[in-house]
Amino acid sequence: MRPVRHFLEVDDLTAAELAKVLELSADPSPTLVLEGKGMALLFEKPSARTRHSMEMAVVQLGGHPVSIAGGEVGIDKRESAEDIARTLACFHAAIGARVFDHGLVERMAAVSPVSVVNMLSDQAHPLQALGDLLTVTQEFGPISGRRIAFVGDANNVSRSLAIGAGMAGAEFVLSGPPGYHFSSADIDRISAAGGTAEFVDDPVEAVADAHVVYTDVWVSMGEEDQAPEKMEAFAGYIVDEALMARADPDAIFLHCLPARPGLEATEGVLYGPQSRIWQQAENRMHAARGLLTFLLGMT
Ligand code: CP
Ligand code: NVA
């Protein structure tokens, strides 16, 4: 029997497997790897795109998604994270989890006899990175050699994207205020994945020649207590029309969403001609389908 594969961060795949997942994501007639089976989707935090893209990907693969709020199962209160994973595996062919603490998905994966998929933690958002890379391929063809400038926080979204971009051969640069760079452990992991973890304070310098300008909220779910200091620190890092004009003329704008129009990006950029945010949102479903086809079918 082949070993169970989990997906907690993009580098749980090899570079060749990532390319395969992106290829499978574009397949309109996937193998029905979940026919007659279920997938449990556990959410400790709110979600629109992740829940709907995962539920529909499961349906498209012939399966039945069951979404559960964290409070329903009482993670580490009513029952340990390990016993929740063991229980869900009695009924489901795979488990997805969106958690505050990345350690929870690691603990679930450590005991789960079925694949565990990280649907966002404080550390990583690998499903988002898959959808983002799929969007880049749709726009530009090969990802290799493209430059992705992330103007914003060193957070779950930028970390996973930096790893995935590195694996796919793209240049990645992060621009934010001093003190908001990736940790040295992150930099080591991005480098090990084949990526660059360039950091520049100046967003104009960061977006020069960029094919993709990306941003996310400055205050992620679970760190609301840091809002006052982060709002002040990131004030000069809004992605506006003037900043987009400094990127490559064919550059696209991406945002994982949900957005705060007028804070991290202007309405003109979010909803303007260079924006691909809805294509990017839809790609979450295609990428989820590609990943599940790979993990469960191992084609
Ligand atoms: N981008 C993303 O993960 O969106 P949701 O939080 O709505 O799932
Ligand atoms: N960085 C954001 C992403 C939301 C999809 C957060 O964690 O809240």
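Please refer to the structure higher up on the page.
Since this is a predicted model, take the numbers as computed values, not measurements. Sequence order as written defines the numbering, with residues in each chain counted from 1. Here chains are named by letter from A upward and ligands by number from 1 upward, in the order in which they appear as written. Per-residue local features of the predicted model are confined to residues with pLDDT of at least 70, and side-chain atom pairs are confined, for both listing and counting, to 80 or more; whole-chain, interface and lining totals are unaffected and use all residues. Hydrogens and waters are ignored; side-chain quantities use all the structure's heavy atoms.

### Some details on the sheet that holds strand E9 (residues 252–255)
Only when DSSP finds a minimum of two bridges between them are two strands counted as paired. Put simply, DSSP marks the helices as runs of H or I at least four residues long and the strands as runs of E at least two long, and each gets a number from the N terminus on. The strand order E7-E6-E5-E8-E9 describes an open sheet built from five strands, whose pairing is parallel. The sheet is open, and its two borders are formed by strand E7 (198–200) and E9, each paired with just one other strand. Neighbour-to-neighbour, the strand axes of this sheet turn through a mean angle of 25°, independent of strand direction. In the sheet, strand E6 (residues 171–175) pairs with E7 via three bridges, with the strands oriented parallel. Paired with Ser-175 across the bridge in E7 is Val-200. Here, residues are in contact when the closest pair of their heavy atoms is within 4.5 Å. A fitted line through C-alpha atoms serves as each axis, taken over the contacting stretch for helices, and the angle formed by two N-to-C directions is quoted from 0 to 180°. Sitting on the sheet, helix H6 (residues 126–140) is in contact with strand E8 (212–215) and E9, with an inclination near 165° to E9.

### As for the packing of helix H4 (residues 81–88) against helix H5 (residues 102–111)
Between two packed helices, what matters for the description is the angle formed by their axes and the separation of those axes. Running from amino to carboxyl end, H4 crosses H5 at an angle of 50°, the nearest separation of the two axes being 8 Å. As summarised for this structure, H4 and H5 are arranged oblique, according to the angle between their axes. Crossing of H4 against H5: the hand is right-handed. Listed contacts from H5 to Ala-81, Glu-82, Ile-84, Ala-85 and Arg-86 of H4 are Leu-104, Arg-107, Met-108 and Val-111. Any residue outside Ala, Val, Leu, Ile, Met, Phe, Trp, Tyr, Cys, Pro, Asp, Glu, Lys and Arg is labelled polar, Gly included; the first ten of those are nonpolar and the last four are charged. Within the contact of H4 with H5, the residues separate by chemical class into six nonpolar, no polar and three charged. For classification, angles of less than 35 degrees are called roughly parallel, those exceeding 145 degrees roughly antiparallel, those between 65 and 115 degrees roughly perpendicular, and all remaining angles oblique. Left-handed describes a crossing in which the near helix is turned anticlockwise from the far one by less than a right angle; the clockwise case is right-handed.

### Observations regarding the site of ligand 2
It suffices for a single heavy atom of a residue to lie within 4 Å of a molecule or strand for the residue to be listed as near it. Every residue lining ligand 2 is accounted for by Leu-120, Asn-155, Asn-156, Val-157, Asp-216, Val-217, Ser-220, Met-221 and Leu-257. In protein, a polar contact requires one atom able to donate a hydrogen and another able to accept it; more generally it is a pair of N or O atoms within 3.5 Å, and residues adjacent in sequence count only if both atoms are side-chain atoms. Measuring from a nitrogen atom of ligand 2, one finds a side-chain N or O atom of Ser-220 at 2.7 Å. Surface accessibility follows the Shrake-Rupley procedure with a 1.4 Å probe radius. Residue values consider only the protein chains on display as shielding. Contact with the protein chains covers 95% of the free accessible surface of ligand 2, which is 260 Å². Residues are called lining when one of their atoms sits within 4 Å of a cavity or pocket point, these points coming from a 1 Å grid over the protein atoms alone, where a cavity is a set in which a 1.4 Å probe fits but cannot get out and a pocket is an open set with protein on both sides within 12 Å along at least five of seven lines. Cavities and pockets are treated as containing a molecule whenever more than half of the molecule's atoms lie within 2 Å of their grid points. A molecule is said to occupy a pocket when more than half its atoms come within 2 Å of that pocket's grid points, and by this definition ligand 2 occupies the largest pocket. Looking at the shell around ligand 2 residue by residue, the classes come out as five nonpolar, three polar and one charged.

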